[in-house]
Amino acid sequence: MFRRDPLADPAPLIKRVYAYAAYRLGDGPEAEDITSETFERALRYKKSYDQRKGEPVAWLLGIAKRCIDGGWSTTEYATEDVDAVDSSDLEEETIRRLTVARAVATLDERDRELVALRYGADLTARQIAELLGARTNAIEVALHRALARLRGILGEELDSEPVRKREASR
Amino acid sequence: MRYWRKRHEAFDLDAELRASRPEPAPEFISRLEARVRDDGRSRVGSLRVAFVGALTAVMLLALASVGGVGYASSAASDAAVTVQRVVAPSDVITVLKRSPAIDQYKKPAKKKVKAKKKKGKGTKGKVKARVRPPFTG
């Protein structure tokens, strides 16, 4: 049977792997390093890709996950402090992005992984379940809880903001 | 946090997470894409060379099975000889020794010269040839 090249169209795959790495490690050079390393390994072990086991993106994300879990520490999550940036000078989109990124960074490792796979890599709950070796139902529940926690973190930030502003103005 | 304040009551976190998905720099994408494509291209090139080699081997085997190799080699050597004759003719003209013309006008055979018998000093040690007695009628 003719083998399909998993890296035939690399650009969308690069974006998805990068988004996954950025959700886990923070947007920047570390995510770029992980993405590059993932593709280097993918090129090296291209023959090991089995299309019956899943889509190329799932295979690449498995490699990226191993890269992150193996060598890169996720404890130092490097995100810009949104409070340090003067919002009047920035586009709304940038503020939104940074706020979400900071909120995701405060999640625990498991929740961050799920958010990264769901919203960074744009995988379905079923694909995440296959990748992590869990049940789809369990992943859906875990994702729902992670989003609830994230919503809570964003809410806390909103509530604490007027206090911070008041303290800053003193 | 002005953004969040505006949507404090009901914001779609799902959509926000999708919209604020981190994007890599375009230079990074193009660089990595080129790296991936280059690797694929070199693999395709080596595969092509391997395919051509395999095809040649198969053709040679098929030819050898019907004696085509010997035929081709003899044809090649004949061609080489012809080319050599045309390009560098030899100075010595070789004449065929036997041809109808030579057979017709062949040189007369040389008369055999009888070797003179040397009168020996004696027959000692030699066997004398027997001579037939003369015809007497």
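Residues numbered from 1 in each chain as written. Chains lettered and ligands numbered in written order. Predicted model: local features only at pLDDT ≥ 70, side-chain atom pairs only at ≥ 80, totals over all residues.

Thoughts on the overall build of chain B
Quick note on the threshold: Each helix is a run of H or I in the DSSP string that is no shorter than four residues. Each strand is a run of E no shorter than two, and both are numbered from the N terminus. Exposure is read from a count of other C-beta atoms within 10 Å of each residue's own; the residue is exposed at 12 or fewer, buried at 20 or more and partly exposed in between. C-beta atoms are placed from the backbone.
On a plain count of helices and strands, chain B comes out with five helices and zero strands. Walking chain B from its N terminus toward its C terminus, one meets helices and strands in the order α-α-α-α-α. In chain B, which comprises 137 residues, the share counted as buried stands at 5%.

Overview of the overall build of chain A
A tally of helices and strands in chain A yields seven helices and zero strands. Along chain A, from the amino end to the carboxyl end, the secondary structure elements read α-α-α-α-α-α-α. Sorting the 170 residues of chain A into buried and exposed places 37% on the buried side.

With respect to the nonpolar core
Short version of the rule: The term nonpolar core refers to a group of buried residues, namely Ala, Val, Leu, Ile, Met, Phe, Trp, Tyr and Cys, whose C-beta atoms join them within 7 Å. It is the C-beta atoms, placed from the backbone, that decide contacts: two residues are in contact if theirs lie within 7 Å.
In terms of nonpolar packing, the biggest core is built from 45 residues, with A:Val17, A:Tyr20, A:Ala21, A:Ala64, A:Val115 and A:Leu117 touching the most fellow members. Within the residue set of this core, elements represented by two or more residues are helix 1 (10–25), helix 2 (29–44), helix 3 (56–70), helix 4 (92–105), helix 5 (109–120), helix 6 (125–132) and helix 7 (136–169) of chain A together with helix 3 (26–65) of chain B. Setting aside chain neighbours within four positions, we find A:Val115 in contact with A:Tyr23, A:Val104, A:Leu107, A:Ala146, A:Leu150 and B:Leu17.

Let's talk about the packing of helix 3 of chain A against helix 6 of chain A
Residues and elements named next belong to chain A. For clarity, the cut-off: Axes here refer to lines fitted to C-alpha atoms; in helices the fit is confined to the stretch in contact. Angles between the N-to-C directions go from 0 to 180 degrees. Note on terminology: angles under 35 degrees are roughly parallel, angles over 145 are roughly antiparallel, angles of 65 to 115 are roughly perpendicular, and the others are oblique. Left-handed describes a crossing in which the near helix is turned anticlockwise from the far one by less than a right angle; the clockwise case is right-handed.
Where helix 3 meets helix 6, the axes come as close as 10 Å, and the angle between the chain directions of the two elements is 45°. Between helix 3 and helix 6, the interaxial angle falls into the category oblique. When you trace helix 3 past helix 6, the crossing you get is right-handed. Seen from helix 3, the contacting residues are Ala 58, Leu 61 and Gly 62; seen from helix 6, they are Gln 127, Glu 130 and Leu 131.

Regarding the environment of A:Ala58
Residues and elements named next belong to chain A. Relative to the assigned elements, Ala 58 resides in helix 3. Residues Ala 58 and Leu 123, spaced 65 residues apart in sequence, show a C-alpha to C-alpha distance of 8.0 Å. In this structure, Ala 58 is in contact with Leu 123, Gln 127, Glu 130 and Leu 131, ignoring residues within four places of it in sequence.

Topic: the interface of chain B and chain A
Note the cut-off: Each residue is assigned to one of three groups, with Ala, Val, Leu, Ile, Met, Phe, Trp, Tyr, Cys and Pro labelled nonpolar, Asp, Glu, Lys and Arg labelled charged, and all others, Gly among them, labelled polar.
Counting residues at the interface gives 23 residues for chain B, matched by 35 residues for chain A. Sorting the residues of the side of chain B that touches chain A by element identifies helix 1 (2–6), helix 2 (13–19) and helix 3 of chain B as the ones contributing at least two each. When its residues are assigned to classes, the side of chain B that touches chain A shows eleven nonpolar, three polar and nine charged.

Here's the deal with helix 3 of chain A
One full turn of an α-helix is made of 3.6 residues, so residues set three or four places apart face in the same direction. In plain terms, the rule: Take the residue count of a helix, subtract one, and multiply by 1.5 Å to get its expected span.
With 15 residues, helix 3 of chain A should cover 21 Å at 1.5 Å per step; its first-to-last C-alpha distance of 21 Å lies within 8% of that length. What helix 3 of chain A keeps buried is the set A:Trp59, A:Leu60, A:Leu61, A:Ile63, A:Ala64, A:Lys65, A:Cys67 and A:Ile68.

Examining the confidence of the model for chain B
Residues and elements named next belong to chain B. As a reminder of what qualifies: The predictor attaches a confidence to each residue, and that confidence, scored 0 to 100, is pLDDT.
Per-chain confidence: chain B averages 76 in pLDDT, with 71% of residues scoring 70 or above. For chain B, per-element mean pLDDT is lowest for helix 1, which scores 52, and highest for helix 4 (residues 68–87), which scores 86. The complex model carries a pTM of 0.59, and its ipTM stands at 0.73.

Focus: the packing of helix 2 of chain A against helix 3 of chain A
Residues and elements named next belong to chain A. Put simply, helix 2 and helix 3 touch, their axes get as near as 9 Å, and they point 120° apart. The angle between helix 2 and helix 3 falls in the class oblique. Considering only the axes of helix 2 and helix 3, their crossing is right-handed. Where helix 2 abuts helix 3, its residues Ile 34, Glu 37, Thr 38, Arg 41 and Ala 42 lie against Leu 60, Ile 63, Ala 64, Cys 67 and Ile 68. Considering only residue class, the contact of helix 2 with helix 3 consists of seven nonpolar, one polar and two charged.

Concerning helix 1 of chain A
Residues and elements named next belong to chain A. Taking 1.5 Å per residue as the helical rise, helix 1 with its 16 residues ought to reach 22 Å, and the 22 Å between its terminal C-alpha atoms agrees with that figure. Of all 16 residues making up helix 1, 13 are buried, and the element is well covered by its neighbours. Once helix 1 finishes, Gly 26 follows within two positions and takes phi at roughly 110°, a positive value.

Here's the deal with the confidence of the model for chain A
Scored by pLDDT, chain A comes out at a mean of 80, with 76% of its residues at no less than 70. Confidence over residues 74–85 of chain A falls short of pLDDT 50; this stretch has 22 contacts with residues more than four positions distant or in other chains.

Digging into the environment of A:Glu140
Tracing the sequence through the fold places A:Glu140 in helix 7. In this structure, the C-alpha to C-alpha distance between A:Glu140 and A:Arg126, residues 14 residues apart in sequence, is 8.6 Å.

Quick look at the environment of A:Ala64
Residues and elements named next belong to chain A. Following the sequence through the fold, Ala 64 ends up in helix 3. C-alpha of Ala 64 to C-alpha of Thr 35: the two residues are 29 residues apart in sequence and 7.0 Å apart in space. Setting aside anything within four residues of it in sequence, one finds Ala 64 in contact with Val 17, Tyr 20, Ala 21, Ile 34 and Thr 38.

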